[in-house]
Each structure stands twice: as structure tokens, then as C-alpha cells.
Amino acid sequence: CKLDLKFGNTNTTIRWNHMFNKNTFSNLSLIGTKYNYNIDVYISPYECAIDAGTKDWSLKYDWKHQTENNDELTAGLSSTLHRFNQGSLSIPQST
């Protein structure tokens, strides 16, 4: 009997900052993440594998303005696309 568990996570971020003037700036970010796992089970003469994970892509835009009175105005938008792999089971046929 043998059990293998594999998992991994990958992240990436691209960010752009812009100063309109000394009191106003913005940030634009593109963020990607990927998580996956794999479970392999071997019980002679049988074996099976389960693969699952998720992928996300996010886009964010933030804007900030500081007034002469040191008050802050902030606004932003954010959107995320989720892709789920709820799992796939593979059982090879014996020969």
C-alpha cells in the first residue's frame, strides 16, 4: 500500500503605480494564483489518482487623494475570476 500527496501554489503580481500630482496617486494590479493537489493511491494491483485545484485572476484599481486639510479620499474597483477544478478521479485499467 502506498499513498503519494503532492501540492503546490504559485503566485504572480504585476503592479503599476502612478502619481497624478503630489496629493493624488493610483495603483493598478494584476494578480494571479494557482493551487493544485494530487493524491495517488496504490494498493496492489490497483491504483487511482485524484487531481484538483483552483486558479484565480484578479484586477484591482485604487485611487487616493489627500486634501490640503489632510483628509483622504479613496476609491477603487476589484474583480476576480475563479476557476475551480473540483477534482478528477482516474483509475487506469489493468492489462
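Keep in mind that this is a model prediction, so the values were computed, not measured.

Undergrad: Looking at this structure, how should I read the pattern of salt bridges?
TA: A pair can form between side chains of opposite charge whenever their charged atoms are brought close. With the rule as written, the count across this model stands at 3 salt bridges. Of the charged contacts in the structure, one is a salt bridge between Lys 6 and Asp 40, with a shortest N-O distance of 3.9 Å. With Lys 6 in strand β1 (residues 2-21) and Asp 40 in strand β2 (residues 24-43), the pair connects residues that are 34 residues apart, well separated along the chain. Owing to a relative accessible area of 48%, Lys 6 belongs among the partly exposed residues under this scheme. Of the charged contacts in the structure, one is a salt bridge between Lys 64 and Glu 72, with a shortest N-O distance of 3.5 Å.

Undergrad: Please explain unusual backbone geometry as it appears in this structure.
TA: Peptide bonds are mostly trans, and most non-glycine residues show a negative phi. With an omega of 5°, the peptide bond between Ser 44 and Pro 45 qualifies as cis. Relative to the helices and strands, Pro 45 resides in the loop between β2 and β3 (46-66). The phi angle at Asn 70 is positive, at roughly 65°, despite the residue not being glycine. Residue classification places Asn 70 among the exposed positions, given a relative accessible area of 58%.

Undergrad: Would you take a moment to explain the side chain of Asn 27 for this structure?
TA: Relative to the helices and strands, Asn 27 is located in strand β2. Engagement of the side chain of Asn 27 in a polar contact is seen with the side chain of Arg 15, the distance being 3.5 Å.

Undergrad: Looking at this structure, I do not really get the state of the cysteines. What am I missing?
TA: Here, disulfide denotes a covalent bond that connects the sulfur atoms of two cysteines. Overall, the coordinates contain 0 disulfides when judged by the stated rule. For Cys 1, which is in no disulfide, the shortest distance to another cysteine sulfur is to Cys 48 and amounts to 10 Å. Under the relative-accessibility criterion, Cys 1 is labelled exposed at 89%.

Undergrad: Mind showing me how you'd approach the packing of aromatic side chains here?
TA: Each aromatic ring pair is characterised by the separation of its centres together with the angle its planes make. Within the structure shown, the criterion is met by 1 aromatic pair. Between the aromatic rings of Tyr 35 and Tyr 37, the centroid separation amounts to 6.3 Å while the plane-to-plane angle is 45°, which identifies the pairing as tilted. With relative accessibility at 35%, the residue Tyr 35 sits in the partly exposed group. Note on Tyr 37: relative accessible area 29%, which makes it partly exposed.

Undergrad: Could you clarify how one ought to interpret the pairing of β3 in this entry?
TA: Within a regular beta strand, the side chains point alternately toward one face of the sheet and then the other, so they alternate between its two faces. Pairing between β2 and β3: 20 bridges, direction antiparallel. What sits directly across from Ile 31, in β3, is Ser 58. Adjacent in sequence and paired antiparallel, β2 and β3 are bridged by 2 residues. Note: β3 against strand β4 (residues 72-90), 17 bridges, orientation antiparallel. Bridged to Lys 64 within β4 is Thr 74.

What counts, and at which threshold
Residues numbered from 1 in each chain as written. Predicted model: local features only at pLDDT ≥ 70, side-chain atom pairs only at ≥ 80, totals over all residues. Heavy atoms only, no water. Salt bridge = Lys/Arg side-chain N within 4 Å of Asp/Glu carboxyl O. Helix = DSSP H or I, 4+ residues; strand = E, 2+ residues; numbered from the N terminus. Buried < 20%, exposed > 50% of the residue type's maximum accessible area, 1.4 Å probe, protein only. Polar contact = N/O pair within 3.5 Å; in protein donor to acceptor, adjacent residues only side chain to side chain. Disulfide = S-S within 2.5 Å. Phe/Tyr/Trp six-rings, centres within 6.5 Å; stacked < 30°, edge-to-face > 60°. Pairing = 2+ DSSP bridges.

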